[in-house]
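# Secondary and tertiary structure notes
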Amino acid sequence: MAATSTSALSFAEWSTDSQLNDSLCRLYAKYLTDNGYVHAVDVPEDFDHASFLSRFGEFRPGPSGKLIDDVTPEAGMDDVYYGGNRRPLLPHTEGYEFAGLPPRYLALWCVTPPAGEGGETTLMDTAPVLAGLSEQTRHVLRTQRLAFHGSAGLRRRGLDQHASHPMLTSVDGLTVLRFSSNNVDLDGVNAAVSAFLNRTTEMFESAHLAIRYQRNDLLHWDNWRLLHSRTAFEDPRRHLKRVQISYSSDVAKGTI
Ligand SMILES: [Fe+2]
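As recorded in an unreviewed UniProt entry, the protein goes by TauD/TfdA-like domain-containing protein and comes from Paractinoplanes rishiriensis.

Below, the discussion takes up the side chain of serine 229. Here serine 229 lies in strand β14 (residues 226-230). Judged by relative accessible area, which is 4%, serine 229 ranks as buried. Those residues in contact with serine 229 that lie beyond four places of it in its chain are Leu89, Leu90, Pro91, His92, Glu120, Thr121, Thr122 and Phe204.

Before going further, it helps to spend a moment on the packing of aromatic side chains. The relation between two aromatic rings is expressed through the spacing of the ring centres and the mutual angle of the planes. All chains considered together, the criterion is met by 14 aromatic pairs. By the ring-pair criterion, three or more aromatic residues cluster together here, those being Phe11, Trp14, Tyr28, Phe47, Phe52, Phe56 and Tyr105. Lying over the aromatic face of phenylalanine 98, arginine 60 brings its terminal NZ or CZ to 3.8 Å of the ring centre. The ring centre of tryptophan 224 lies 5.2 Å from the NZ or CZ of arginine 104, which sits over that ring.

Turning our eyes to something else, we now look at the sheet that holds β14. Pairing in this open sheet of three strands is antiparallel, and the strands run β12-β6-β14 from one edge to the other. The open sheet terminates on both sides in strands that have one partner only, identified here as β12 (209-211) and β14. With strand direction ignored, the average angle separating the axes of adjacent strands in the sheet is 25°. Bridging between strand β6 (residues 121-125) and β14 involves five bridges; their strand directions are antiparallel. Bridge pairing links threonine 121 to arginine 230 in β14. Contacting β6, β12 and β14, helix α6 (residues 191-207) runs over the sheet at an angle of about 115° to β6.

Attention now goes to the UniProt feature "domain: TauD/TfdA-like" (unreviewed entry) in the protein. When the UniProt feature table is mapped onto this chain, "domain: TauD/TfdA-like" (unreviewed entry) is found at residues 41-243. Helix makes up 20% of residues 41-243 and strand 28%, and the two end C-alpha atoms of the span are 18 Å apart.

Quick look at the sheet that holds strand β7 (residues 145-149) now. With respect to topology, three strands assemble into an open sheet ordered β8-β7-β11, the strand pairing being antiparallel. A strand with exactly one partner marks an edge of an open sheet, and here the two such strands are β8 (162-166) and β11 (184-185). Across five bridges, the pairing between β7 and β8 is antiparallel. In the sheet register, alanine 147 faces β8, and the bridge partner there is serine 164.

Next up on the list: the layout of surface pockets. What the largest pocket holds in volume is close to 830 Å³. Contributions of two or more residues to the lining of the largest pocket are made by β4 (69-71), β5 (105-112), β14 and β15 (239-245). In terms of residue class, the lining of the largest pocket is made up of 14 nonpolar, 14 polar and 11 charged.

About the thresholds
- The numbers attached to residues start from 1 for each chain and follow its sequence in the written order.
- For this predicted model, a pLDDT threshold of at least 70 governs which residues receive local features, and a threshold of 80 or more governs which side-chain atom pairs are given and counted, while totals over whole chains, interfaces and linings are taken from all residues.
- Think of the side-chain values as coming from all heavy atoms in the structure, minus any hydrogens and water.
- Helix and strand assignments come from DSSP, with helices taken as H or I runs of at least 4 residues and strands as E runs of at least 2, each series counted from the N terminus.
- Partly exposed describes any residue whose relative accessible area lies between the buried limit of under 20% and the exposed limit of over 50%, with all areas from a 1.4 Å probe on protein chains only and scaled to the type maximum.
- In what follows, a contact means two residues having at least one pair of non-hydrogen atoms within 4.5 Å.
- Any pair of Phe, Tyr and Trp rings, taking the six-membered ring for Trp, is counted once the centres come within 6.5 Å. Such a pair is stacked with planes under 30 degrees apart, edge-to-face with planes over 60 apart, and tilted for the rest.
- Geometrically, a charge over a ring is one whose NZ (Lys) or CZ (Arg) sits within 6 Å of the ring centre while staying within 35 degrees of the ring normal.
- In this scheme, strands are said to pair when DSSP sees at least two bridges between them.
- Each axis is a line fitted through C-alpha atoms, and for a helix only the stretch in contact is used; angles between axes span 0 to 180 degrees, taken between their N-to-C directions.
- UniProt positions are given in the numbering used here, feature names are shortened, and annotations may be inferred rather than shown by experiment.
- Throughout, the protein atoms alone are placed on a 1 Å grid, and a set of points is a cavity if a 1.4 Å probe fits but cannot get out or a pocket if it is open with protein on both sides within 12 Å along at least five of seven lines; lining residues have an atom within 4 Å of a point.
- Grid points are joined across faces, edges and corners, and a volume is the space filled by probe spheres set on the points.
- Following the grouping adopted for this structure description, the nonpolar residues are Ala, Val, Leu, Ile, Met, Phe, Trp, Tyr, Cys and Pro, the charged ones are Asp, Glu, Lys and Arg, and the polar ones are all others, Gly among them.

Dropping the structure here:
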């Protein structure tokens, strides 16, 4: 059973009244810091999602090469593990296979919600999991390098990215988690690493939040801290927009 969202925030009052918007932004930033994500609901039709999100850092081009990706099910791709199809995904952080830092934030907003069951984005905060690790496991996760690779679907699309990183690193005092339940080579790695991967993947099954979209909803989360995934769906009209937001030290200092 999925947990209940604590970060839903109504944008019904978003307007040209800057004072009102300032107080909404303060709450938004608090939810993002405290819970690691925000689910903005009741978002007005004329709300500019991309402009709002640009306050949090530079956008990094997605698999399409565009700064704002269209996430729709691609024909002929349901036979592979791939973000661009209709099958379920396994828990992961975005960009584990990137050579440099993974995106600090990920954000999705809904153009067309899927009819019928499924198509939720699922999330789990790893902060309590990481806080409960033994010193020994933490040390292994910080020192054992793992070979990550992109999904089978991305490889079919010609994006064959690989990178070697420990699962845990730090930037400016912030913990960066790179996590993939399946796109990682575990041959010969310390048993503590695979135990952590398996335990956390199992925990995701019971502890995740499931976010169901209405049109214009915005879901924005800390990709260094939360795992995400997706439930299966049927409706080929499901359409989300997606941005990957690079790390900005100004954001870390709370200066937005
Ligand atoms: Fe993803």
